[in-house]
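Fold and contact review
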Amino acid sequence: MSKDIYYSDKYYDEKFEYRHVVLPKELIKLVPKTHLMTENEWRSIGVQQSRGWIHYMIHKPEPHILLFRRPKTEDTVARLLYVLTSLLLAKGVKRRHFWDWLSCAQAQLKLTSG
């Protein structure tokens, strides 16, 4: 069934590269309606793409179209930070704790890069 999944070409803005994935109609029942999917969830239904892609939006009129993005930068550290912060938010980390974590991570990056 994964052979019936359509992967768009990548498209870009200033910060991100995007792609959309069109699932066959029979897979719609496997797409959660209440939350964005984690990488494990979208892989488990047959979506195959390189690491770093984040399911970032639900388009309710077309639940069979999954919208993905990742930072445009080739900077591995920035991409890793983006993935980690997305995971923290997806797991329900309170916003106040998220901002504390992000501030610490940014401070550590400044210390190690200079």
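Quick summary incoming for the structure in this document. Not measured: the values here are computed from a predicted model.

It is worth spelling out the packing of aromatic side chains at this point. For the coordinates displayed, the defined rule picks out four aromatic pairs. Through a chain of ring-to-ring contacts, the aromatic side chains of Tyr11, Phe16, Tyr18 and Tyr56 assemble into a single cluster. The ring of Trp53 carries Arg19 above its face, with NZ or CZ at 5.5 Å from the centroid. In this arrangement the basic side chain of Arg69 is found over the ring face of Phe16, its NZ or CZ atom lying 4.2 Å from the centre.

Together, Leu80, Leu84 and Leu87 line one region of the surface with nonpolar side chains, adding up to about 250 Å² of accessible area. In this structure, Leu84 sits in helix α2 (residues 76-90). Exposure remark for Leu84: the relative accessible area of 35% places this residue in the partly exposed category.

So, on to the pattern of salt bridges. If the charged atoms of two oppositely charged side chains come close together, the side chains can form a pair. Under the counting rule described, the total for this entry stands at three salt bridges. Glu17 is the salt-bridge partner of Arg70, the closest N and O atoms lying 2.6 Å from each other. Of the two residues, Arg70 is situated in strand β5 (residues 65-71) and Glu17 in strand β3 (residues 16-22); the sequence distance between them amounts to 53 residues. The burial state of Arg70 is the same as that of Glu17; both residues are buried. The partner of Arg43 in a salt bridge is Glu39, and the shortest N-O contact between them spans 2.8 Å.

Moving on: the side chain of Glu17. Relative accessible area serves as the criterion here: at 6%, Glu17 is assigned to the buried category. Here the side chain of Glu17 touches Arg70 through a polar contact of 2.6 Å, side chain to side chain.

Considered as a void within the structure, the largest pocket measures approximately 420 Å³ in volume. In this structure, the largest pocket is lined by 22 residues; those nearest its centre are Ile54, Tyr82, Val83, Ser86 and Leu87. Secondary-structure elements contributing two or more residues to the lining of the largest pocket are α1 (39-44), β4 (54-57) and α2. Looking at the lining of the largest pocket, the element that brings in the most residues is α2, giving 10 residues. The class makeup of the residues in the lining of the largest pocket is 12 nonpolar, six polar and four charged.

What counts as what
Residues numbered from 1 in each chain as written. Predicted model: local features only at pLDDT ≥ 70, side-chain atom pairs only at ≥ 80, totals over all residues. Heavy atoms only, no water. Phe/Tyr/Trp six-rings, centres within 6.5 Å; stacked < 30°, edge-to-face > 60°. Lys NZ or Arg CZ within 6 Å of the ring centre and 35° of its normal. Patch = residues over 30% accessible without salt bridge, like charges linked within 9 Å, V, L, I, M, F, W, Y side chains within 5 Å. Areas by Shrake-Rupley, 256 points an atom, 1.4 Å probe, with all protein chains shown as cover. Salt bridge = Lys/Arg side-chain N within 4 Å of Asp/Glu carboxyl O. Helix = DSSP H or I, 4+ residues; strand = E, 2+ residues; numbered from the N terminus. Buried < 20%, exposed > 50% of the residue type's maximum accessible area, 1.4 Å probe, protein only. Polar contact = N/O pair within 3.5 Å; in protein donor to acceptor, adjacent residues only side chain to side chain. 1 Å grid on protein atoms, 1.4 Å probe; cavity = no way out; pocket = protein on both sides within 12 Å on 5 of 7 lines; lining within 4 Å. Points joined across faces, edges and corners; volume = space filled by probe spheres on them. Nonpolar A, V, L, I, M, F, W, Y, C, P; charged D, E, K, R; others polar.

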